[in-house]
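# Remarks on the overall topology
Read off the chains here:
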Amino acid sequence: VETLLEVGCGDCQFTPDLAQFTDNMLACDIAANQIAKNRERHPDITFFEQDLREPIAVEDGEVGALWCSEVIEHLSQPRFALEEFFRVIRPGGRVLLTVPHHGRFKNVMIALFKWEAHFDPEYPHLQYFTARSFRDLSENVGFEDVQIETCGMNKPQRDLLIPTNLLLTARKPA
């Protein structure tokens, strides 16, 4: 991939591994102090501060692939973020996104044991996605070949019973 962008890089959990697939790794996050730490630890990667309520500081069609994991559920306007992802990805480029998965079994567990905590107004998740709503949002922005599957957090027994995430892969039309 000529240019790969990670949106919401945080403490670089994925960034160094992603950088192995490109000569031009870009990574952004809203937290200025974290970006400063990341620049010190990974000087070969281009980090920049980015508020996803604003246009992404990347040229139209500059990015061949975009990775954004566990970020858009924190946004008041996730559609704007996906429109920006679409704008910065080159025609034929790919997007990979994850959001928390709320399957039926997990929802029952939340209802039984974590209802108040999960829906606390101070809880950082502002949006909740189903596979259908995640697909619809992506397709409405213009992505095609949208595929969604569940995935976990490298905890095999838990992931088998209660997948924690939805993984969306899609392509910008050529």
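Relevant structure appears above.
All values reported here derive from a predicted model rather than from experimental measurement.

## Considering the overall build of the protein
For the protein, the count of helices and strands is six helices and seven strands. Put simply, the protein runs from its N terminus to its C terminus through helices and strands in the order β-α-β-α-β-β-α-β-α-α-β-α-β. Radius of gyration (C-alpha) of the protein: 16 Å, near the 16 Å computed for a compact globule of 174 residues. Referenced to the eigenvectors of the C-alpha coordinate spread, the extents of the protein come out at roughly 45 × 35 × 30 Å.

## A short note on the nonpolar core
With 32 residues, the main nonpolar core has L5, L66, I72, F85, L97 and F134 as its most contacted residues. Those elements that place two or more of their residues in this core are β1 (4-7), β2 (25-29), β4 (63-69), α3 (78-88), β5 (89-100), α5 (131-141), β6 (144-151) and β7 (165-171). Setting aside residues no more than four positions away along its own chain, F85 makes contact with V7, L52, I56, L66, C68, I72, L97 and F143. Core analysis: the second largest hydrophobic core is formed by 13 residues, L4, C12, I35 and A65 among them.

Definitions and limits used
Chains are numbered independently. Their residues run from 1 in the order of the written sequence. Only residues with pLDDT of 70 or above have their local features reported here, since the model is predicted, and side-chain atom pairs are shown and tallied only from 80 upward, although totals for entire chains, interfaces and linings are computed over all residues. Computation of side-chain values covers all heavy atoms of the structure but excludes hydrogens and water. The helix count covers DSSP runs of H or I at least four residues long, the strand count covers runs of E at least two residues long, and both are numbered beginning at the N terminus. C-alpha atoms define the radius of gyration, and 2.2 Å times the number of residues to the power 0.38 defines the globule rule. Only buried Ala, Val, Leu, Ile, Met, Phe, Trp, Tyr and Cys residues count toward a nonpolar core, and they belong to the same one when joined by side-chain atoms within 4.5 Å. Classification of residues uses two cut-offs on accessible area relative to the type maximum, computed with a 1.4 Å probe and protein chains only: under 20% is buried, over 50% is exposed, and between them is partly exposed. Two residues form a contact once any of their heavy atoms are found within 4.5 Å.

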